[in-house]
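# Examination of the molecular architecture
What follows is the residue order along each chain.
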Amino acid sequence: FFQAEDGIRDPLVTGVQTCALPIFLFKLAQYDICEKLFKQALELATDEGLKAEVMNNLAVLWAQQGKYDMAAKAWEGLKNNILYKTPEVAYVNLGKLYAEQGNLKESEKVLRQATVISPSYIDAHFYRALVAQVQKKHDEAREACVVVLALAPNHEGAQNIIKSIN
């Protein structure tokens, strides 16, 4: 562990290595150490694209810890960061956060934006279907599930939503 922790301080470490330890610790629910290492990675990374990826991971951690405002602020920033290669992930994460907080209208809006940015991103369509289902907007839920199933025919979640609204 200590050798791996020292590795994060090495400015020559690649992006994958920089994030591997904190992601591993996240999975072990070692949130405080994980947050510290993500912040160190943000300070040490010279590649702005890598910093954006690390920021997304840190936002996921904050959401897991219940630091919702911090997570939302990070994802809002990533939505418009031209160096972040997968802004649709920030949109979906933000949409999930809004839904978990009961803000279904904002969740729907952000998830719809994610489907526009990346029409083949399955999670964007699936979470849009879930939010529509909760809102009793069955036609919209069905429409989103049709897209999910066109992209992933065996997607159980989408199949279950369609069964429940038929």
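Right above here is the structure, for reference.
In this text, all values refer to a predicted model and were calculated from it rather than measured experimentally.

Here is what the cut-offs are and how they apply
- Residues numbered from 1 in each chain as written.
- Predicted model: local features only at pLDDT ≥ 70, side-chain atom pairs only at ≥ 80, totals over all residues.
- Heavy atoms only, no water.
- Helix = DSSP H or I, 4+ residues; strand = E, 2+ residues; numbered from the N terminus.
- Contact = heavy atoms within 4.5 Å.
- Areas by Shrake-Rupley, 256 points an atom, 1.4 Å probe, with all protein chains shown as cover.
- Expected span 1.5 Å × (residues − 1).
- Buried < 20%, exposed > 50% of the residue type's maximum accessible area, 1.4 Å probe, protein only.
- Salt bridge = Lys/Arg side-chain N within 4 Å of Asp/Glu carboxyl O.
- Core = buried A, V, L, I, M, F, W, Y, C linked by side-chain atoms within 4.5 Å.
- Axes fitted to C-alpha atoms, helices over the stretch in contact; angles between N-to-C directions.
- Parallel < 35°, antiparallel > 145°, perpendicular 65-115°, else oblique.
- Left-handed = near helix turned anticlockwise from the far one by under 90°.

## Some remarks on the overall build of the protein chain
Along the protein chain, the regular secondary structure elements total 10 helices and 0 strands. Listed by position from the N terminus, the elements making up the protein chain come as α-α-α-α-α-α-α-α-α-α. Looking at the protein chain alone, contacts between residues at least 24 apart form 44% of all its contacts between residues at least 6 apart. Summed over all atoms, the accessible surface of the protein chain reaches about 9200 Å², with 56% contributed by carbon and sulfur.

## Looking at helix α6 (residues 87-100)
In an α-helix, one full turn covers 3.6 residues, which means residues spaced three or four apart are oriented alike. For α6, which comprises 14 residues, the first-to-last C-alpha distance of 20 Å matches the rise-based estimate of 20 Å (1.5 Å per residue) to within 8%. With respect to burial, α6 is a largely interior element, 11 of its 14 residues being buried. Burial in α6 covers these residues: P87, E88, V89, A90, Y91, V92, N93, L94, G95, L97 and Y98. On the buried face of α6, the contacting elements are α4 (48-65), α5 (68-79), α7 (104-117) and α8 (122-134). Following α6 by one or two positions, G102 has its phi on the positive side, about 85°.

## Digging into the environment of I165
Positionally, I165 belongs in helix α10 (residues 156-165). Since its relative accessible area comes to 11%, I165 is described here as buried. Sequence spacing of I165 and D139 is 26 residues, and the spatial spacing of their C-alpha atoms is 8.9 Å. Sequence-distant contacts of I165, defined by excluding residues within four places in its chain, comprise Q133, H138, A141 and R142.

## With respect to the pattern of salt bridges
Under the definition given, this model contains 10 salt bridges. Between E48 and K51 there is a salt bridge, with its nearest N and O atoms 3.5 Å apart. Taken as a pair, E48 and K51 lie in helix α4 at a separation of 3 residues, close to a single helical turn. The class of E48 is partly exposed, set by a relative accessible area of 40%. K51 sits in the partly exposed class, given a relative accessible area of 23%.

## Digging into the nonpolar core
Of all hydrophobic cores here, the largest spans 31 residues; its most connected members are A71, W75 and L94. Those elements that place two or more of their residues in this core are α3 (31-44), α4, α5, α6, α7 and α8. Among the elements that take part in this core, α4 stands out by supplying 8 residues, more than any other. Look past the residues within four positions of L94 in its chain and what remains in contact with it is A72, W75, E76, K79 and V110. Listed in part, the 11 residues of the second largest apolar core include A141, C145, V148 and A158.

## Structural notes on the packing of α8 against α10
At a minimum axis separation of 10 Å, α8 and α10 run at an interaxial angle of 25°. By the criterion of interaxial angle, the relationship of α8 to α10 is roughly parallel. Our pair here, α8 against α10, has a crossing hand that is left-handed. In this structure, α8 uses F126, A129, L130 and Q133 to contact α10, whose residues at the interface are G157, A158, I161, S164 and I165.

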